Amino acid sequence: MARFPSRGFLALALLLLVLPAKASERVEAMLATVTAEPLAGNAAFAIGFVDFTALYAAYGGDPAGTSLGKVLEQRDPPSLAIMDALLRIYSFIDFLPYLRAGGPQWEEWLGFDFLDLGWSLSLGQPPHQLRYLGLETAPRAAAIEAALAARGLERVEVAGVTLHAKGQEGSIDVERRLPGYPFWGELGSAERLALLPQALVGSRFDRVTADAVTAPRLAGLPLVAAGVRAVDAAGLPGALLQLTLVRDDFSPEYIKALMAPGSALDEAKAALEAQAPGPLPPFGLLVLADRQDAQGEESLVALVYDDAAAAAVAAQTLPLRLAAYRPLKQQRSLLELLGMVPSVTVMALEGKHVVLLRLALDPAAPQEKRRDGQGYYTLLRGLMTRDLGWLTWK
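So, how was this worked out
Residues numbered from 1 in each chain as written. Predicted model: local features only at pLDDT ≥ 70, side-chain atom pairs only at ≥ 80, totals over all residues. Heavy atoms only, no water. Helix = DSSP H or I, 4+ residues; strand = E, 2+ residues; numbered from the N terminus. Buried < 20%, exposed > 50% of the residue type's maximum accessible area, 1.4 Å probe, protein only. Contact = heavy atoms within 4.5 Å. Areas by Shrake-Rupley, 256 points an atom, 1.4 Å probe, with all protein chains shown as cover. Core = buried A, V, L, I, M, F, W, Y, C linked by side-chain atoms within 4.5 Å. Phe/Tyr/Trp six-rings, centres within 6.5 Å; stacked < 30°, edge-to-face > 60°. Lys NZ or Arg CZ within 6 Å of the ring centre and 35° of its normal. Pairing = 2+ DSSP bridges. Expected span 1.5 Å × (residues − 1). Bend = angle between axes of the 7 residues up to and from the residue. Polar contact = N/O pair within 3.5 Å; in protein donor to acceptor, adjacent residues only side chain to side chain. Salt bridge = Lys/Arg side-chain N within 4 Å of Asp/Glu carboxyl O.

Colleague: Sorry if this is basic, but what is going on with the overall build of the protein here?
Modeller: Across its full length, the protein holds 15 helices and 13 strands. Out of the 394 residues belonging to the protein, those deemed buried represent 55%. Here the contacts in the protein between residues at least 6 apart in sequence split such that 70% fall between residues at least 24 apart. Here the protein has roughly 16900 Å² of accessible surface; of this, 55% comes from carbon and sulfur atoms.

If you want it as structure tokens, here you go:
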């Protein structure tokens, strides 16, 4: 039988915090750049974000003055550090094929090298998906536009926005496949690209990319801003390397019904009285994050709530469910598989209440066969395989 933390442990772990410092430079650039349009209403979404600059720094690699092609050819320590950093990536964005299939050709295709990226993000559902390649575009604008023109992209105006377009909107042409090209080159897809101050952004459709230029940004969505800034708080150890944001079927109407008297919230409170892993009060946003410092890695899970009472119950329930849950085809609990020690805080920010579960490496757990970012990888794999029973309210 799984052992649950005592009330004394939970009391020590639970703190009410107000975030005192802003998020890191690339994360702030992402929040200020990425459109909130696909997230309007109650639509489900999944967002994958990677901070390349933080990754390289965590591994002691410096991409300045080199290129991905040179890194792939050389076997010196700086090149190996950069490769180790890239192999750490676990995301909805499939980066690994770029490393050999096309990454060294980005300079020709886009006017900048793969290693020039500061961050990247994928947003939306195929085929109306958006991809952001984050970097300061102003110093490279002429080179970017020249590279796009050389590949046959033409400047067009859509709703007052200048786009670089190629192919019939939304089309796929297998004769134009460019494996390793980040804007769906493996499909030979149509391109609709736009230059923003902090990113090159593109999709397959005119209006999708145009809206990405003109629509409000993620920074204006309290639900998203709260979740992202919670996992990127300056008071946490190390740097944020990558994160995933998910909203599934957590509609306000459904949540309201579940929070009514006699609902999941009451059931969760009753379970806590018995120190049992009861249902988790439903949340509005899930954030998974991966951090690293000189002492080791830390995986984070953030649940964003509107209601302070629900967040307080969730903060006490979450460690119990984590310790009790067995993933599919596993004989051990998820917490044992992670080999990490949990602690929980509650943050109040952006008008929301964020339950932040921190998972630090357990010195007593075997580490010799552990891959870099193992905790985050395990959590993200559970998300991708829909093995998320420990986060449900049923």
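Colleague: Would you explain the nonpolar core in this entry?
Modeller: Across soluble globular proteins, nonpolar side chains show a tendency to be buried alongside one another. Of all hydrophobic cores here, the largest spans 48 residues; its most connected members are M30, W119, L121, Y132, V224 and L245. The element that contributes the greatest number of residues to this core is helix α10 (residues 222-231), accounting for 6 residues. Not counting residues up to four positions away in its chain, the partners in contact with Y132 are T33, V34, T35, W119, S120, L121, L196, A199, L200, V201 and A212. Within the second largest apolar cluster, 36 residues are counted, among which are M83, Y98, W106 and L200.

Colleague: Even after reading the chapter, I still don't get the packing of aromatic side chains, so can you show me in this structure?
Modeller: How two aromatic rings sit relative to each other is set out by the distance from centre to centre and by the angle between their planes. According to the stated counting rule, one finds 11 aromatic pairs in the structure shown. Geometrically, the ring pair formed by W106 and F112 is edge-to-face, given 6.3 Å between the ring centres and 85° between the ring planes. Under the relative-accessibility criterion, F112 is labelled buried at 0%. Grouping aromatic residues by their ring pairs yields a cluster made of F52, Y56, W106, F112 and F114. The ring of Y377 carries the charged tip of R371 above its face, separated from the ring centre by 4.0 Å.

Colleague: I'm lost on helix α2 (residues 25-33) in this one. Help?
Modeller: An α-helical segment advances 3.6 residues per turn. Residues three or four places apart therefore align on the same side. The buried fraction of α2 amounts to 7 of the 9 residues, a majority that puts the element mostly inside the structure. Among all positions in α2, only R26, V27, E28, A29, M30, L31 and T33 are buried.

Colleague: Honestly, the pairing of strand β2 (residues 45-51) in this entry has me stumped. Any pointers?
Modeller: For β2, the tally of buried residues reaches 6 of 7 residues, placing the bulk of the element in the interior. The pairing of β2 with strand β9 (residues 239-247) spans 6 bridges and is antiparallel. Counted as the bridge partner of V50 is Q242 from β9. Of the strand pairs in this sheet, β2 and strand β3 (residues 119-123) are connected by 4 bridges, and their pairing is antiparallel.

Colleague: Before we go on, may I ask you to explain helix α13 (residues 308-324) in this structure?
Modeller: Given a rise of 1.5 Å per residue, 17 residues ought to cover 24 Å, and the 25 Å separating the end C-alpha atoms of α13 matches this to within 8%. Of all bends in α13, the biggest is about 30°, found at T317, and the proline P319 comes one to four residues later. Counting buried residues along α13, 12 of its 17 residues qualify, which places the element largely inside the surrounding structure. Restricting attention to buried positions, one finds in α13 the residues A310, A311, V313, A314, A315, T317, L318, P319, L320, R321, L322 and A323. Sitting at the head of α13, D307 places a side-chain oxygen 3.2 Å from the backbone nitrogen of A309.

Colleague: Explain unusual backbone geometry to me, please; I cannot follow it from the model alone.
Modeller: Glycine aside, a negative phi is what most residues show, and trans is what most peptide bonds show. Cis geometry is adopted by the peptide bond preceding P127, which originates at P126 and carries an omega value of 0°. A positive phi angle, near 55°, is found at A159, a position not held by glycine. Within the element layout of this structure, A159 appears in the loop between β5 (154-158) and β6 (161-166). One non-glycine residue, K329, lies in the positive phi region at around 60°. Inspection of the secondary structure assignment puts K329 in the loop between α13 and α14 (334-338).

Colleague: What is the right way to read the pattern of salt bridges from this model?
Modeller: Oppositely charged side chains can form a pair if their charged atoms are brought close together. Throughout the structure, instances matching the rule amount to 14 salt bridges. The partner of E28 in a salt bridge is R229, with the nearest N and O atoms 3.0 Å apart. Residue E28 is found in helix α2, and its partner R229 is found in helix α10; the two are separated by 201 residues along the sequence. D206 is the salt-bridge partner of R192, the closest N and O atoms lying 2.3 Å from each other.

Colleague: Would you mind showing me how to read the environment of E157 here?
Modeller: Mapping E157 onto the fold places it in strand β5. Separated by 53 residues in the primary sequence, E157 and A210 have C-alpha atoms spaced 9.0 Å apart. Within the structure, the side chain of E157 is placed 2.6 Å from the side chain of T162, a separation counted as a polar contact.

Colleague: What am I meant to see in the side chain of E191 here?
Modeller: Checked against the element boundaries, E191 lands in strand β7 (residues 191-196). The class of E191 is buried, set by a relative accessible area of 3%. The contacts of E191, once residues within four sequence positions are left out, are R151, L153, H164, A165, K166, Y181 and S203.

Colleague: Would you explain the pairing of strand β11 (residues 296-305) in this entry?
Modeller: A regular strand places its side chains so that they alternate between the two faces of the sheet. Counting buried positions along β11 gives 10 out of 10 residues, so the element sits mostly inside the fold. Pairing of strand β10 (residues 285-293) with β11, which is carried by 9 bridges, proceeds in the antiparallel orientation. Counterpart to L285 in the pairing with β11 is V304. Summarising the sheet, β11 and strand β13 (residues 352-361) pair through 8 bridges and their orientation is antiparallel. The residue of β13 that forms the bridge with V301 is L357.

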